[in-house]
Amino acid sequence: MDKLIITGGQPLRGEVRISGAKNAALPILAATLLADGPVTISNIPHLRDVTTTMELLGRMGVELVVDERMRIKVNSASIRKFFAPYELVKTMRASILVLGPLLARYGRAVVSLPGGCAIGSRPVDLHIQGLAKMGADIRVEGGYIHARAKRLRGARLFLDTVTVTGTENLMMAATLADGTTVIENAAREPEVVDLAQCLVAMGARLTGAGTDVIEIEGVASLSGAQYEVLPDRIESATYLVAAAITGGCVRVKCTRPSLLEAVLEKLIEAGAVLDIGDDWIELDMRGQRPHAVAVCTSPFPAFPTDMQAQFTALNATAEGVGIITETVFENRFMHVDELRRMGADITVKGNTAIINGIEKLTAAPVMATDLRASASLVLAGLVAEGDTVVDRIYHIDRGYQCIEEKLRQLGARIQRIPG
Ligand code: UD1
């Protein structure tokens, strides 16, 4: 298993180009199953989760071609199987996103239940209930969701909890249903909007994406299209925290500042000076140690749970006491024990972490437990005294394209050790 070795103490400086958003690329790849013709997607990030999705589609018989400009052309006409096996779904929960499209377009799907994961139980009951309300016949047997429908019917769906992939699955299913579907308490995440725009480019009739009520009027078929994935706001924010934690000055390029308001607000509170352009953000810490901040995660547009671990690391070396409250996932503090091994002073009570900032973390061997937790360990390693070894970095490769190259370009001392 590959490891990262980071020698801390170098303030990061320079520019970094942000890749396409993982959480938009995955549903958009799943949405290609709905189209009658080929769909060409650009700005797809080079990540393990994208490779897993391509493998999932490939095993179904879908044809995928990557061209010289790294665009992926997907043609689902050759599909033979409507099946998502456990061995792939267990490595990437987002595989559940094929359920809605398969059912809507082909009337059947067998998809493994994702099961638990490091950050909580993460059920998919709302995906299943919504599809059942649209007329699908669904049973769960042997760890698999078996779903069938002649043609899905439009329905009024109220989601008890705001769910991102749940909203996306139901939105995709509704595009080919008979009649109108209204999704209430829908997720407003920018990646939901990006998927909606791609579906509209394919001929879907859909309004309200980006609000909590999405209305979809089903059509008989969708066509091929070309679509460019939006920039990754979590990757952008992670590099900004890397600049802040090291007291450096970094410009993130090819990003979308308007999607990052809640995070930028907290970085300003931490003492960062920001300069913002159309598609770039520059963060300058002017060599200062960050101030501790209070953060409470919630669905968009509030502070994203996917940035919680990174801000825990920031608070660990900040001046003062920081408080982090996690309201989206029940068990998302796995990084805390690892940060403690580097000397961090953190107390967890229920869904709140109280972090007493210390001046210097010390390097230690640590283990990545999930995608964003691993990012927080890399950030901590950038400021710790000595050589931090981060093990199990396959988690980080799921969501950060070429992280060590991008950080090295900013002056970090970081190496990948193949294992
Ligand atoms: C997506 C993101 C992930 C992010 C998360 C929250 C993708 C591929 N992943 O995950 O990076 O951390 O949103 O912003 O886009 N829930 C239910 N029943 C359901 C579905 C969800 O109770 O049927 C609960 C979950 O347990 C969780 C909450 O809803 O507590 C939000 O989860 P959800 O938005 O569904 O997360 P994902 O879509 O899996």
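In this report, the structure presented in the accompanying data block is examined. Here the residue numbers are simple positions, counted from 1 along each chain's written sequence. Where local features are concerned, this predicted model is filtered to residues with pLDDT of at least 70; where side-chain atom pairs are given and counted, the filter is 80 or more; whole-chain, interface and lining totals use all residues. Water and hydrogen atoms were dropped before computing side-chain values, which therefore reflect all heavy atoms in the structure.

1. Points about the sheet that holds strand β1 (residues 3–7)
Whenever strands of a sheet pair, they do so through backbone hydrogen bonds, lying parallel or antiparallel.
Next up, step 1: Pairing is mixed across the open sheet formed by four strands, whose spatial order is β22-β23-β1-β24. What marks the edges here is a single partner per strand, and that holds for β22 (365–367) and β24 (413–417). Neighbour-to-neighbour, the strand axes of the sheet open up by a mean angle of 20 degrees, direction not taken into account.
Next up, step 2: DSSP bridges decide pairing: two strands pair if at least two such bridges lie between them. In DSSP terms, a helix is any run of H or I states spanning at least four residues, a strand is any run of E spanning at least two, and both are numbered starting from the N terminus. Taken together, the five bridges between β1 and β24 define a ladder with antiparallel strand orientation. Within the sheet, the bridge partner assigned to K3 lies in β24 and is I417. All axes are obtained by fitting lines to C-alpha atoms, using only the stretch in contact for helices, and the reported angles, taken between N-to-C directions, cover 0 to 180 degrees.

2. Overview of the sheet that holds strand β3 (residues 39–42)
Next up, step 1: On the basis of which strands lie adjacent, the open sheet formed by four strands has the order β4-β5-β3-β14 and mixed pairing. Lying at the two open borders of the sheet, with one neighbouring strand each, are β4 (63–66) and β14 (225–228). The sheet shows a mean angle of 15 degrees between the axes of neighbouring strands, taken without regard to direction.
Next up, step 2: Two strands pair when backbone bridges link them, and β3 and β14 are joined in this way by four bridges, in the parallel orientation. Note on β14: the bridge partner recorded for T40 is Q226.

3. Some words on the pairing of strand β23 (residues 387–391)
Next up, step 1: Alternating positions in β23 separate cleanly, T388 and V390 being buried on one face and D387, V389 and D391 remaining unburied on the opposite face.
Next up, step 2: By the bridge criterion, three bridges tie β22 to β23 in an arrangement that is parallel. From the neighbouring strand, P365 faces β23, where its bridge partner is V389.
Next up, step 3: For the crossover that starts at β22, traverses helix α12 (residues 371–383) and ends in the parallel β23, the hand is right-handed. Burial classes: relative accessible area under 20% of the type maximum marks a residue as buried, over 50% as exposed, and values in between as partly exposed (1.4 Å probe, protein chains only). Assignment of crossover handedness uses the view with strands pointing away from the viewer, where a clockwise path from the first strand over the helix to the second indicates a right-handed crossover.

4. Digging into a nonpolar patch on the surface
Next up, step 1: Within the patch definition used here, like charges are joined within 9 Å and nonpolar side chains (Val, Leu, Ile, Met, Phe, Trp, Tyr) within 5 Å, considering only residues with over 30% relative accessible area and no salt bridge. Here the Shrake-Rupley method, with its probe set to 1.4 Å, supplies the accessible areas, and only the displayed protein chains count as covering residues. Note on definitions: salt bridges are taken to be side-chain nitrogens of Lys or Arg within 4 Å of carboxyl oxygens of Asp or Glu. A cluster of nonpolar side chains, contributed by V321, I323 and I354, occupies part of the molecular surface with about 220 Å² of accessible area.
Next up, step 2: Mapped onto the secondary structure, V321 falls in strand β19 (residues 321–325).

5. Observations concerning the packing of aromatic side chains
What characterises a pair of aromatic rings is the spacing of the ring centres plus the angle enclosed by the ring planes.
Next up, step 1: Stacked, tilted and edge-to-face pairs are distinguished by plane angle, under 30 degrees for stacked and over 60 for edge-to-face with tilted covering the rest, among Phe, Tyr and Trp rings (Trp via its six-membered ring) whose centres lie within 6.5 Å. Scanning the model with the defined rule gives three aromatic pairs in all.
Next up, step 2: Note on F82 and Y106: the rings are 5.2 Å apart at their centroids and 45 degrees apart in plane angle, and the pair reads as tilted. Remark: Y106 occurs in helix α4 (residues 99–106) and F82 occurs in the loop between β5 (72–75) and β6 (83–84); sequence separation between them is 24 residues.
Next up, step 3: Ring centres of F303 and F311 lie 5.0 Å apart, and the angle between their planes is 85 degrees; this geometry places the pair in the edge-to-face category. Each member of the pair, F303 together with F311, is buried.
Next up, step 4: Criterion for a charge above a ring: Lys NZ or Arg CZ within 6 Å of the ring centre, and within 35 degrees of the ring normal. Lying across the ring of W280, R251 places its NZ or CZ 3.8 Å from the centre.

6. Section: the nonpolar core
Next up, step 1: V98, L131, L152, M171 and L199 are the most contacted members of the largest nonpolar core, which totals 78 residues.
Next up, step 2: With seven residues, helix α1 (residues 22–31) is the largest single contributor of residues to this core.
Next up, step 3: The contact criterion used throughout is that any non-hydrogen atoms of two residues lie within 4.5 Å. Aside from chain neighbours lying at most four places away, what touches L152 is L103, A104, L131, M134, A136, A173, A177 and D178.
Next up, step 4: One finds L240, A242, F311 and L382 within the second-largest nonpolar core, a separate group that totals 64 residues. We call a set of buried Ala, Val, Leu, Ile, Met, Phe, Trp, Tyr and Cys residues a nonpolar core when their side-chain atoms join them within 4.5 Å.

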